[in-house]
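Breakdown of the fold
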Amino acid sequence: MKPITVDGGKGTLELGDDGVFHLVWKPGTVLVAADVHAAMAKLNELADGAEYPMLIDISNTQAVTRQAKSVFSHKCAASRIALLGSSPVNRVIANFAMARRTLPCPTRFFTSRNDALSWLLPAPVPGPDHGL
């Protein structure tokens, strides 16, 4: 699937070959409530009633408003969310987004894409012909 621009134009969303939705915010983005609502609505539309793990790249995000933070407590089609960042500022943004909220799904911050994807994707279950 090609990246689809989220309403408002601040980010793109795509379903990767790995079965994970990837949301990438544009450089310098200040997330407001409408941006988060738009991303959730696009995810829900594309997921079509199913749930998917989601990787949100916040490495270029400048800030998250208090109103945007409140939207994170709403349920969407994400079964798990990994927030991917690369700086101490990203960690602060992630902690702000996750702080004192009951989140609707497991959510963690990562600085490694591989670690984030390992956490999002279930480990393969060995078949009957593996092991013994």
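Here the structure is shown first, and the text comes after it.
The text that follows walks through the structure, step by step, so that each part is easy to find. Quantities reported herein were computed from a predicted structural model and do not represent experimental measurements.

**Comments concerning unusual backbone geometry**
The phi torsion at aspartate 48 lies on the positive side, around 50°, for a residue other than glycine. With respect to the secondary-structure elements, aspartate 48 resides in the loop between α1 (33–47) and β5 (52–57).

**Description of the side chain of threonine 29**
Here threonine 29 lies in strand β4 (residues 29–31). Relative accessible area serves as the criterion here: at 5%, threonine 29 is assigned to the buried category. The contact partners of threonine 29, leaving out residues within four places of it in the chain, are Lys10, Asn60, Thr61, Gln62 and Ala63.

**Some points on the environment of methionine 1**
For methionine 1, the position within the fold is in the segment before β1 (4–5). Note on methionine 1: relative accessible area 44%, which makes it partly exposed. Residues methionine 1 and aspartate 17, spaced 16 residues apart in sequence, show a C-alpha to C-alpha distance of 8.2 Å.

**Re the nonpolar core**
Judged by nonpolar contacts, the single largest core of 28 residues is most densely connected at Leu23, Leu43, Met54, Ile56 and Ile58. Within the residue set of this core, elements represented by two or more residues are β3 (21–25), α1, β5, α2 (66–71), β7 (78–84) and α3 (88–98). Of all hydrophobic cores here, the second largest spans nine residues; its members include Ala82, Leu84, Phe110 and Leu120.

**A few points about the pattern of salt bridges**
One pass over the structure, following the stated rule, counts four salt bridges. Between lysine 42 and glutamate 45 there is a salt bridge, with the nearest N and O atoms lying 3.6 Å from each other. One end of the pair, lysine 42, and the other, glutamate 45, are both in helix α1, three residues apart, so they sit about a helical turn from each other. Its salt-bridge partner being aspartate 57, residue arginine 113 comes within 3.7 Å of it at the nearest N-O pair. Of this pair, arginine 113 sits in helix α4 (residues 113–120) while aspartate 57 sits in strand β5, placing them 56 residues apart in sequence. Using a relative accessible area of 37% as the deciding quantity, one classes arginine 113 as partly exposed. For aspartate 57, a relative accessible area of 11% corresponds to the buried category.

**A word on the sheet that holds β7**
Pairing within the open sheet is mixed, and its six strands lie in the order β1-β2-β3-β5-β7-β8. In this open sheet, the two strands that pair with only one neighbour each are β1 and β8 (107–110). Bridge count for β3 against β5 is four bridges, and the pairing is parallel. Across the sheet, residue valine 24 finds its bridge partner in β5, namely aspartate 57. Sitting on the sheet, α1 touches β1, β2 (11–15), β3, β5 and β7, and the angle it makes with β3 is about 155°. Running at roughly 165° to β7, α4 makes contact with β3, β5, β7 and β8 of the sheet.

**Things to note about the pairing of β7**
With five of its seven residues buried, β7 lies for the most part within the structure. Where β7 lies against β8, four bridges are found, and the strand directions are parallel. Bridge pairing in β8 links leucine 83 to phenylalanine 109.

Rules of the game
- Residues numbered from 1 in each chain as written.
- Predicted model: local features only at pLDDT ≥ 70, side-chain atom pairs only at ≥ 80, totals over all residues.
- Heavy atoms only, no water.
- Helix = DSSP H or I, 4+ residues; strand = E, 2+ residues; numbered from the N terminus.
- Buried < 20%, exposed > 50% of the residue type's maximum accessible area, 1.4 Å probe, protein only.
- Contact = heavy atoms within 4.5 Å.
- Core = buried A, V, L, I, M, F, W, Y, C linked by side-chain atoms within 4.5 Å.
- Salt bridge = Lys/Arg side-chain N within 4 Å of Asp/Glu carboxyl O.
- Pairing = 2+ DSSP bridges.
- Axes fitted to C-alpha atoms, helices over the stretch in contact; angles between N-to-C directions.

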